[in-house]
Amino acid sequence: MDKLLIRGGRQLEGTVDISGAKNAALPELCAALLTEQPVTLDNVPGLQDVTTMLKLIGNMGVRVQRDALQPTRVVVDAAALDKPQAPYELVKTMRASVLALGPLLARFGQALVSLPGGCAIGSRPVDQHIRGLQAMGAEIHVEHGYMVARLAGGARRLKGARITTDMVTVTGTENFLMAATLAEGETVLENAAQEPEIVDLAEMLIKMGARIEGHGSSRIRIRGVDALHGCEHRVVADRIEAGTFLCALAATGGQAYLRHGRGDHLDAVIEKLQAAGTRVASDPQGIAIEASGRLQAQSFRTTEYPGFPTDMQAQFMALNVIASGSSKVTETIFENRFMHVNEMVRLGAKIQVDGKVALIEGVPRLSGATVMATDLRASASLVIAALVAEGQTVVDRIYHLDRGYDHMETKLRGLGADIERIR
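Presented here is an overview of the structure given in this document. The residue numbering used here restarts from 1 in each chain and proceeds along that chain's sequence as written. Owing to the predicted nature of the model, reporting of local features is limited to residues with pLDDT of at least 70; listing and counting of side-chain atom pairs is limited to 80 or more, with chain, interface and lining totals taken over all residues. Computation of side-chain values: all heavy atoms of the structure, hydrogens and water removed.

Observations concerning the sheet that holds strand β15 (residues 255-259)
Argument step 1. At least two DSSP bridges between two strands are needed for those strands to be called paired. Helix and strand assignments come from DSSP, with helices taken as H or I runs of at least 4 residues and strands as E runs of at least 2, each series counted from the N terminus. The sheet built from four strands is open, its strands ordered β2-β15-β17-β16 with mixed pairing. With partners counted over all chains shown, the strands left at the sheet margins are β2 (13-17) and β16 (279-283), one partner each. Averaged over all adjacent pairs, the angle separating strand axes in this sheet is 15°, with direction ignored.
Argument step 2. In this sheet, β15 lies alongside β2 in parallel orientation, the contact comprising five bridges. Whenever a helix is involved, its axis is fitted only over the stretch in contact; in every case the axis is a line through C-alpha atoms, and angles between N-to-C directions fall within 0 to 180 degrees.

Below, the structure is given as structure tokens:
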């Protein structure tokens with residue numbers, strides 16, 4: 001099993017390229033199931049979750065081509081899809097597999113999708129997905145760990161509906177959005193998620209011939225069409241990868257330019273970084289950051305976009321643990337997303353957790369140790385902490401990291417970090 005060996009204390013500087021967003025690429029690969037014509041995606045990141053999704057749709061009979069000379073370019077041809085199933089063996093490691101449910105139901109009128117797995121950061125039930133698709137005319141029941149779905153009453157298409165979810169759900173919004181493109185009539189999504197990745201998915205679907213309005217707001221309106229066609233689409237830049245590198249640079253007191261980063265997708269994070277004492281500026285080509293000296297700790301509360309993202313909570317906490325002063329971090333999205341805290345304490349951090357709140361007292365230095373990653377973003381936070389710790393840190397179980405960061409250690413090494421992958 002791979003590990004990362006990091007010798008801390010180096011200031012980072014230079015230029016780093018931000019990859020395409022995992023959370024956009026995964027639903028967009030599923031969106032390609034909606035048409036018989038080829039779909040070409042550019043800027044697809046080289047991640048384990050992407051590889052798993054390509055295996056999943058390939059298992060359905062979809063033809064997938066990844067350009068050897070341009071590996072970020074993927075062509076998906078679902079014309080011969082003959083097995084609308086997502087088996088447990090492929091779904092168990094990746095919750096995003098549930099995104100196959102809506103497209104398969106919309107195009108084929110049936111689907112067999114395993115209940116998903118993924119990071120152990122708390123309960124992320126699929127009941128919202130089931131209820132929304134049932135409102136569109138699907139019959140869905142859970143049997144032997146699988147969601148068995150078909151159109152009700154011999155219907156040939158899903159029906160448009162007004163769907164109001166009990167909570168804001170990103171993957172639920174994406175599933176309904178894709179399913180509604182081929183539904184009969186109009187679908188209105190209330191309490192829809194507003195993340196940039198959903199906007200990117202909607203823009204891809206529009207290129208395929210979908211009729212969508214309001215994406216990026218809490219109400220999305222979709223008018224179903226008879227069929228969609230192929231398209232070419234570039235995956236939006238990964239705002240969480242960009243935010244992670246911003247925190248790493250702030251923590252190490254470095255300066256760098258994040259090429260392709262989207263500052264307009266990180267307003268809440270950048271606002272906190274600036275309040276902490278960094279200088280951050282963005283332009284259409286990327287984001288520049290400069291930090292020096294010890295930063296000031298910042299309290300924050302995670303919430304749905306455009307608020308502070310839960311996917312940046314652990315990384316910013318790594319900055320807070322070595323900042324001046326005390327801070328309070330409140331996690332409102334997932335109930336089990338403080339699993340990185342015990343590992344940070346091993347490095348010398350002072351953190352107390354009480355339910356959904358973590359109280360942090362900044363310390364002047366951390367010391368290297370062996371730590372274990374527990375989920376994707378926890379992995380990134382431990383890497384950041386290791387970059388500023390004195391001595392040597394080993395981060396174990398980095399397969400979590402490989403699920404969501406495209407060659408992270410290579411990019412950090414290019415900025416001057418002393419980091420290597422070991423077995």
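There is more to say after this.
Details of the sheet that holds strand β8 (residues 138-143)
Argument step 1. The four strands are arranged β6-β7-β9-β8 in an open sheet whose pairing can be described as mixed. A single partner strand is all that each edge strand has here, and the edge strands are β6 (85-86) and β8.
Argument step 2. Both β6 and strand β7 (residues 110-114) contribute to a ladder of two bridges, which runs parallel. By the bridge assignment, Q85 is partnered in β7 with L112.
Argument step 3. Seen against the sheet, helix α4 (residues 101-108) touches β6, β7, β8 and β9 (146-151) and runs at an angle of roughly 160° to β7. Whether two residues touch is decided by their heavy atoms; if any such pair falls within 4.5 Å, the residues are in contact.

Observations concerning the pairing of strand β17 (residues 286-290)
Argument step 1. Here β15 runs beside β17; their pairing, made up of five bridges, is antiparallel. Bridge assignment links L258 to a residue of β17, and that residue is I287.
Argument step 2. The pairing of β16 with β17 spans five bridges and is antiparallel. In the sheet register, A281 faces β17, and the bridge partner there is A288.
Argument step 3. Connecting β16 to the next strand, β17, in antiparallel fashion are two residues.

What about the side chain of E241?
Argument step 1. Tracing the backbone through its elements, the reader meets E241 in helix α8 (residues 239-252).
Argument step 2. Within the structure, the side chain of E241 is placed 2.7 Å from the backbone nitrogen of S19, a separation counted as a polar contact.
Argument step 3. Filtering out sequence-adjacent residues up to four positions away, E241 remains in contact with D17, I18, S19, Y405, D406 and K411. Side-chain atoms alone can form a polar contact between residues adjacent in sequence; in general such a contact is a pair of N or O atoms within 3.5 Å, and within protein one must be able to donate a hydrogen while the other accepts it.

Some points on the pairing of β8
Argument step 1. Relative to β9, β8 is paired through six bridges, and the arrangement is antiparallel. From the neighbouring strand, I140 faces β9, where its bridge partner is A149.
Argument step 2. Linking β8 to β9, which pair antiparallel, is a turn of two residues; within it H144 sits at a positive phi near 55°.

Observations regarding the packing of aromatic side chains
Argument step 1. Between rings of Phe, Tyr and Trp, where Trp is taken as its six-membered ring, a pair exists when centres lie within 6.5 Å; planes separated by under 30 degrees are stacked, by over 60 edge-to-face, and by other angles tilted. In this structure the tally under the stated criterion is three aromatic pairs.
Argument step 2. Residues F300 and F316 carry aromatic rings whose centres are separated by 5.4 Å and whose planes lie at 75° to one another, so their mutual orientation is edge-to-face. In this pair, F300 is assigned in strand β18 (residues 300-301) and F316 in helix α10 (residues 313-320), connecting sequence segments 16 residues apart. Taken individually, F300 and F316 each receive the classification buried, so the pair is uniform in this respect.
Argument step 3. Ring centres of F308 and F316 lie 5.7 Å apart, and the angle between their planes is 85°; on these two criteria the pair is classed as edge-to-face. Relative accessibility thresholds used throughout: buried, under 20% of the residue-type maximum; exposed, over 50%; partly exposed, between the two (1.4 Å probe, protein chains only).

Quick look at unusual backbone geometry
Argument step 1. The step from Y305 to P306 runs through a cis peptide bond, and the omega angle for that step is 15°.
Argument step 2. By the secondary structure assignment, P306 is in the loop between β18 and α10.
Argument step 3. Even without a glycine there, the phi angle at H144 is positive, about 55°.
Argument step 4. With respect to the helices and strands, H144 occurs in the loop between β8 and β9.
Argument step 5. Residue H407 is not a glycine yet carries a positive backbone phi of 50°.
Argument step 6. By the secondary structure assignment, H407 is in the loop between α13 (399-404) and α14 (408-414).

Here's the deal with helix α6 (residues 170-180)
Argument step 1. Counting buried positions over the eleven residues of α6 gives ten, a clear majority of the element.
Argument step 2. Every buried residue of α6 is accounted for by T171, G172, T173, E174, N175, F176, L177, M178, A179 and A180.
Argument step 3. The opening residue of α6, the one whose side-chain oxygen lies 2.9 Å from the backbone nitrogen of G172, is T169.

Details of the environment of N342
Argument step 1. Note on placement: N342 falls in helix α11 (residues 341-346).
Argument step 2. Given a relative accessible area of 58%, N342 falls into the exposed group.
Argument step 3. Considered as a pair, N342 and V371 are 29 residues apart in the sequence and their alpha carbons are 9.1 Å apart.

Here we look at the environment of A380
Argument step 1. With respect to the element layout, A380 can be found in helix α12 (residues 376-388).
Argument step 2. When the C-alpha positions of A380 and P38 are compared, they lie 35 Å apart, and in sequence the two are 342 residues distant.
Argument step 3. The residues touching A380, leaving out its near neighbours within four places in the chain, are T244, Q315, L401, Y405 and M408.

With respect to the pattern of salt bridges
Argument step 1. A pairing counts as a salt bridge when a side-chain nitrogen of Lys or Arg comes within 4 Å of a carboxyl oxygen of Asp or Glu. Under the definition given, this model contains 28 salt bridges.
Argument step 2. With a closest N to O distance of 3.1 Å, K159 and E184 form a salt bridge. Here K159, found in the loop between β9 and β10 (162-164), pairs with E184, found in the loop between α6 and β11 (186-190); they are 25 residues apart in sequence, far enough to count as distant.
Argument step 3. Judged by its relative accessible area of 41%, E184 falls in the partly exposed class.
Argument step 4. If you follow the salt bridges from partner to partner, you end up with D2, D402, E409, R421 and R423 in one network.

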